[in-house]
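The lines below spell out each chain.
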Amino acid sequence: MLAVLCVVLFLDGMDVSMVGVALPSIGTELGMPESTLQWLVNGYVLGYGGLLLLGGRTADLLGRRRVFLIALGAFAAASFVGGLVDDGTLLVLTRFIKGLAAAFTAPTAMSILTTTFPEGPARNRALSIFTVFGASGYSSGLILGGVLTSVGWRWTFLTPVPLALGALLFGLRLIPREHTRAEGGHDLWGAVTLTTGMLLAVYTVVTAPERGWLSPLTLASAVVVVGLLTAFVYIENHIAHPLIRLGILRIPTVVRANLSLIALMGSYVSFQFIMTIYLQNVLHWLPMAMALAMLPAGIVVVVGSPLVGKLIDRYGTARLILLSMISLSLGYVWFLVAAGTTPDYPVAILPTMLLLGGGFGFGFSAIMAQGTDGIEDAEQGLAAGLLQTSGQVGSALVLAVVTAVLAGNSHPTNLTAFRPGLNFVTAVAVVGLLLNIVPLLRRGRSAVTRGEPARSTV
């Protein structure tokens with residue numbers, strides 16, 4: 001069963017990185033500018049992030065096995081259609097539908113895992129294996145994306161289809177049926193207001209540089225975003241069965257885990273977008289060369305993630321997440337310092353990718369463990385969905401800001417044009433670092449005041 005779940009995460013990671021490598025080729029063939037190309041990334045992550053909470057709740061109510069298998073079939077169908085369309089808008093739509101499908105497979109897979117493996121060493125080991133497959137999928141997707149894009153970018157959409165169908169067939173046999181399910185109902189209005197608000201927020205940020213930040217349309221759009229998100233909070237506080245039980249956000253470790261995942265994924269997805277455009281469009285690297293340049297990060301995650309479960313048992317999640325944020329921040333700072341106007345691969349790019357791989361490898365499993373520890377089985381789908389929502393929606397919003405910052409440089413000739421976006425990515429990672437170092441410092445000072453040894457706890 002764990003193998004089936006891991007294959008689906010592998011597929012998700014592979015799909016994201018393959019399409020990332022193919023972006024310049026897609027833009028050239030379909031005539032899509034960078035401001036539109038980013039919707040191939042954001043259309044997926046917003047469909048994914050916007051309905052993750054509904055996906056997790058639906059799995060708790062209707063049965064994890066049923067929801068997982070239906071969504072996996074929809075993912076395969078959207079992948080197939082995406083490989084056939086010739087219109088940029090339709091291509092973005094298929095990515096959005098794939099994101100919607102993943103919004104149900106991802107939290108369902110996580111809740112199947114966390115309800116099958118008991119809290120402690122068994123769950124930590126399962127989560128570390130789960131992470132290895134995600135990283136392996138991402139790394140494999142980089143290589144496959146380079147190879148397939150050289151043949152034709154459509155193959156980056158069609159290749160996941162047989163893998164998804166294979167996982168579907170094995171899932172029918174290997175994922176057990178649940179004997180008990182959560183009680184209650186769906187919060188459809190909460191899902192609608194959250195998803196619409198997030199989509200409109202990203203659209204507002206992306207289009208603001210062209211329209212003007214103070215233009216009537218931009219301001220009106222911002223007002224509607226605030227209204228939708230306010231309505232979402234109101235609904236969650238007054239409905240009998242909310243999409244998010246807001247009381248879960250009173251748990252400090254849950255809040256910190258969600259914010260940490262925003263910093264981790266938001267900064268990395270945006271950095272990959274910048275590097276993909278820069279290496280292929282400015283330096284004119286072949287897709288395969290670009291994929292190999294970014295591969296070391298995935299290799300570090302694959303090698304290091306199996307150790308994370310034991311490290312969590314020994315040191316707790318707080319220290320590992322802090323180590324992750326240090327590595328992540330150092331990677332971006334090093335690139336800013338060493339890159340110059342035309343970065344040298346051994347000096348600037350390779351060390352950066354190794355540090356980013358260390359940040360993701362140590363951080364992802366530890367963050368997922370911190371965000372689900374102590375949560376009852378009936379709300380594991382909610383906790384997992386909340387974490388993944390934070391990661392995906394955070395990625396979309398950070399990428400939208402980066403795209404807006406870079407909007408004025410339509411024909412960049414060197415790395416200088418991308419530095420404002422890189423500065424923002426670095427700032428996001430540093431905020432994640434501060435978020436995790438302050439509680440440890442406070443805890444250490446409190447322990448010293450009481451005359452106890454300073455220790456980190458989850």
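The rules behind the values
- Residues numbered from 1 in each chain as written.
- Predicted model: local features only at pLDDT ≥ 70, side-chain atom pairs only at ≥ 80, totals over all residues.
- Heavy atoms only, no water.
- Helix = DSSP H or I, 4+ residues; strand = E, 2+ residues; numbered from the N terminus.
- Rg over C-alpha atoms; globule rule 2.2 N^0.38 Å.
- Lys, Arg positive; Asp, Glu negative; His and termini not counted.
- Charge placed at Lys NZ, Arg CZ, Asp CG, Glu CD.
- Axes fitted to C-alpha atoms, helices over the stretch in contact; angles between N-to-C directions.
- Parallel < 35°, antiparallel > 145°, perpendicular 65-115°, else oblique.
- Left-handed = near helix turned anticlockwise from the far one by under 90°.
- Contact = heavy atoms within 4.5 Å.
- Nonpolar A, V, L, I, M, F, W, Y, C, P; charged D, E, K, R; others polar.
- Expected span 1.5 Å × (residues − 1).
- Buried < 20%, exposed > 50% of the residue type's maximum accessible area, 1.4 Å probe, protein only.
- Arc of directions from axis to C-beta.
- Core = buried A, V, L, I, M, F, W, Y, C linked by side-chain atoms within 4.5 Å.
- Polar contact = N/O pair within 3.5 Å; in protein donor to acceptor, adjacent residues only side chain to side chain.
- Salt bridge = Lys/Arg side-chain N within 4 Å of Asp/Glu carboxyl O.
- Patch = residues over 30% accessible without salt bridge, like charges linked within 9 Å, V, L, I, M, F, W, Y side chains within 5 Å.
- Areas by Shrake-Rupley, 256 points an atom, 1.4 Å probe, with all protein chains shown as cover.
- Phe/Tyr/Trp six-rings, centres within 6.5 Å; stacked < 30°, edge-to-face > 60°.
- pLDDT = per-residue confidence, 0-100.

### Some words on the overall build of the chain
At step 1: In terms of regular secondary structure, the chain is built from 16 helices and zero strands.
At step 2: Taken against the 2.2 N^0.38 rule, which gives 23 Å for 458 residues, the C-alpha radius of gyration of the chain at 21 Å falls within 12% of a compact globule.
At step 3: Here the chain contributes 25 positively and 20 negatively charged side chains, and the mean placements of these two sets differ by 8 Å.

### Observations regarding the packing of helix α1 (residues 2–30) against helix α5 (residues 88–116)
At step 1: At a minimum axis distance of 11 Å, the contact between α1 and α5 shows a crossing angle of 160 degrees. As far as their axial angle goes, α5 and α1 are roughly antiparallel. Crossing of α1 over α5 shows left-handed handedness. Counted together, Leu-2, Leu-5, Val-8, Asp-15, Val-19, Ile-26 and Leu-30 of α1 and Gly-88, Leu-91, Arg-95, Lys-98, Thr-105, Ala-109, Ile-112 and Leu-113 of α5 form the full contact between these two elements.
At step 2: Grouping the amino acids of the contact of α1 with α5 by side-chain chemistry returns 10 nonpolar, two polar and three charged.

### With respect to helix α8 (residues 160–174)
At step 1: The terminal C-alpha atoms of α8 lie 21 Å apart, and with 15 residues this matches the ideal 21 Å at 1.5 Å per residue to within 8%.
At step 2: Every buried residue of α8 is accounted for by Pro-160, Val-161, Ala-164, Ala-167, Leu-168 and Gly-171. Viewed along the axis of α8, the buried residues span an arc of 125 degrees, placing them on a single side of the element. Among the exposed residues of α8, those oriented more than 90 degrees off its buried face are Pro-162, Leu-169, Phe-170 and Arg-173.
At step 3: Those residues of α8 that are buried are in contact with α1, α4 (64–82) and α7 (155–158).

### Digging into the nonpolar core
At step 1: If you look at the biggest cluster of nonpolar residues, it comprises 133 residues, and the most contacted ones within it are Ile-26, Phe-68, Phe-271, Phe-335 and Phe-418.
At step 2: When residues of this core are assigned to their parent elements, the largest contribution, 16 residues, is made by helix α11 (residues 252–282).
At step 3: Excluding its chain neighbours within four sequence positions, the residues that come into contact with Ile-26 are Gly-31, Met-32, Leu-37, Leu-40, Leu-91, Trp-153 and Phe-157.

### A few points about the side chain of Ser-327
At step 1: Looking at the secondary structure, you find Ser-327 in helix α13 (residues 317–338).
At step 2: A relative accessible area of 12% means that Ser-327 is categorised as buried.
At step 3: A polar side-chain atom of Ser-327 sits 2.5 Å from the main-chain carbonyl oxygen of Leu-355.
At step 4: For Ser-327, the side chain forms a polar contact with the main-chain nitrogen of Gly-359, separated by 3.4 Å.

### Observations regarding helix α10 (residues 216–238)
At step 1: The terminal C-alpha atoms of α10 lie 33 Å apart, and with 23 residues this matches the ideal 33 Å at 1.5 Å per residue to within 8%.
At step 2: Regarding α10, the residues found buried are Thr-218, Ser-221, Val-225, Leu-228, Phe-232, Ile-235 and Glu-236.
At step 3: On the buried face of α10, the contacting elements are α9 (188–211).

### A few points about the pattern of salt bridges
At step 1: Counted under the stated rule, the structure contains four salt bridges.
At step 2: Among the charged side chains, a network of salt bridges with common partners joins Asp-15, Arg-95 and Lys-98.

### Observations concerning unusual backbone geometry
At step 1: Phi is positive for His-284, which is not a glycine, with a value near 60 degrees.
At step 2: As for its placement among the helices and strands, His-284 is situated in the loop between α11 and α12 (287–315).
At step 3: Its relative accessible area of 63% is what places His-284 among the exposed residues.

### Section: a nonpolar patch on the surface
At step 1: On the surface, Phe-80, Val-81 and Leu-84 cluster together into a nonpolar patch covering about 280 Å² of accessible area.
At step 2: In this structure, Leu-84 sits in the loop between α4 and α5.

### Section: the packing of aromatic side chains
At step 1: In the structure shown here, the tally under the stated rule is six aromatic pairs.
At step 2: Between Trp-153 and Phe-157 the ring centres are 5.7 Å apart and the planes differ by 80 degrees, which places this aromatic pair in the edge-to-face class. We note that Trp-153, like Phe-157, is buried.
At step 3: Seen in terms of ring centroids, Phe-360 and Phe-364 are 5.5 Å apart; in terms of plane orientation they differ by 5 degrees. Their pairing is stacked. Here Phe-360 pairs with Phe-364, and both are found in helix α14 (residues 345–372), just four residues apart, close to one helical turn.
At step 4: Among the residues examined, Phe-364 registers a relative accessible area of 14% and is labelled buried.
At step 5: One aromatic cluster is present, formed by Tyr-268, Phe-360 and Phe-364 through successive ring pairs.

### What to know about the packing of α11 against α13
At step 1: For the pair α11 and α13, the least separation of the axes is 11 Å and the interaxial angle reads 25 degrees. Accordingly, the angle class assigned to the pair α11 and α13 is roughly parallel. The handedness of the crossing between α11 and α13 is left-handed. Here Ser-260, Ala-263, Leu-264, Ser-267, Tyr-268, Phe-271 and Met-275 of α11 come into contact with α13, specifically with Ile-321, Ser-324, Met-325, Leu-328, Tyr-332 and Phe-335.

### A few points about the confidence of the model for the chain
At step 1: Put simply, the chain has an average pLDDT of 82, and 92% of its residues get 70 or more.
At step 2: Across the chain, element-level confidence peaks in α13 with a mean pLDDT of 93 and bottoms out in helix α3 (residues 52–62) with 74.
At step 3: Below a pLDDT of 50 lies the segment residues 454–458, which in the model reaches 18 contacts outside its immediate sequence neighbourhood of four places, other chains included.

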